Amino acid sequence: MEITLPIIELTLPMFLIVCPLVFLAGLVDAIGGGGGLISLPAYLFAGVPMHQAIATNKLSSAVGTVVSTVRLCRNTKIEWALALPSIVLSLIGSFIGAKLTLLVSEHILKIVLLIVLPVVAVFVFRKNSLVEKQSGTVSHRRMMVISWLSAFVIGGYDGFYGPGTGTFLILLMVGCAKMDMMQAAANTKLINLASNLSALVTFLISGKVVMALGLAAAVFSVAGHYVGSTLVMKNGAKVVKPIILVVLALLFVKIITEL
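To keep things clear, this report deals only with the structure shown in the data block. Just so it is clear, the structure is predicted and the values come from calculations on it, not from any experiment. (Residues numbered from 1 in each chain as written. Predicted model: local features only at pLDDT ≥ 70, side-chain atom pairs only at ≥ 80, totals over all residues. Heavy atoms only, no water.)

**Comments concerning the overall build of the protein**
Piece 1. In terms of regular secondary structure, the protein is built from 10 helices and 0 strands.
Piece 2. Counting from the amino terminus, helix and strand elements in the protein follow one another as α-α-α-α-α-α-α-α-α-α.
Piece 3. Counting all 259 residues of the protein, 51% fall into the buried class.
Piece 4. Taking contacts inside the protein between residues at least 6 apart in sequence as the whole, the part at least 24 apart equals 84%.
Piece 5. For the protein, the computed accessible surface area is about 12,000 Å², with 71% contributed by carbon and sulfur atoms. (Helix = DSSP H or I, 4+ residues; strand = E, 2+ residues; numbered from the N terminus. Buried < 20%, exposed > 50% of the residue type's maximum accessible area, 1.4 Å probe, protein only. Contact = heavy atoms within 4.5 Å. Areas by Shrake-Rupley, 256 points an atom, 1.4 Å probe, with all protein chains shown as cover.)

Below you can see the structure in the form of structure tokens.
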């Protein structure tokens, strides 16, 4: 049975907390990845309950993902025989993950969050070094199977929580399926977009999305992605990591004091 949540009374401070942080998340995502480690905490800092924070974060992140996916796929040749089944499996996995979120209590979600986010942060920080170590090839058949399984499993994770989804997919596509970076990036974007939209629709139907806050944040998310992709930042990754660490540290303090 799904959890019924109270209606949130939106206040100006909520927007003043969420929108700048979601803009920063988009900026971080465009520079070095890991924006989800900031955008989800943004809603929690603003006092949005866990279920609604996860659901509303899907709205703002889905809009940003649509923009970046269209931009990438215009310049990349897509192997649709590989991509289409991945998209379908991502949709299914994300739906299951989102429905599972709706069945879990907020207390349990907070505990899981304390465990999951540090693990995600480690993978985000080490993504480039992990990808660079990968080598070798696999058969096309095995590549397809790995891609499809990854789409279903990581799609499920994206529906349940979300931060780090793109990083996990890139690591699996390059490290296990042995795709080149451009092919892996295109497939990752398509799978991530599918999982975002599937979870978003599920949350919308369940009435868990705070529409006004999510739409405002979506505008700032797109702006952050745009600014981040056009800025030329020297040592951008060195700037991104401290920002994420500060946000995670503050989030841990907040969650622990509320348990």
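Still more ground to cover, so stick around.
**Here we look at helix H3 (residues 50–73)**
Piece 1. Helix length check: H3 (24 residues) gives 33 Å between terminal C-alpha atoms against 34 Å at 1.5 Å per residue, within 8%.
Piece 2. Burial within H3 is extensive, with 18 of its 24 residues counted as buried. (Expected span 1.5 Å × (residues − 1).)

**Description of unusual backbone geometry**
Piece 1. Of note, Lys178 is a non-glycine position whose phi angle comes to about 60°, a positive value.
Piece 2. Structurally, Lys178 can be placed in the loop between helix H7 (165–175) and helix H8 (181–206).
Piece 3. Residue classification places Lys178 among the partly exposed residues on the basis of a relative accessible area of 23%.

**What to know about the nonpolar core**
Piece 1. Leu37, Tyr43, Leu113, Tyr161 and Phe203 are the most contacted members of the largest nonpolar core, which has 64 residues in total.
Piece 2. With 8 residues, the top contributor of residues to this core is helix H5 (residues 106–132).
Piece 3. Leaving out residues up to four positions away in the same chain, Tyr43 has contacts with Val18, Val22, Val48, Ala53, Thr56, Asn57, Ser60, Leu213, Gly214 and Ala217.
Piece 4. Listed in part, the 7 residues of the second largest apolar core include Cys73, Ile78, Ile87 and Ala194. (Core = buried A, V, L, I, M, F, W, Y, C linked by side-chain atoms within 4.5 Å.)

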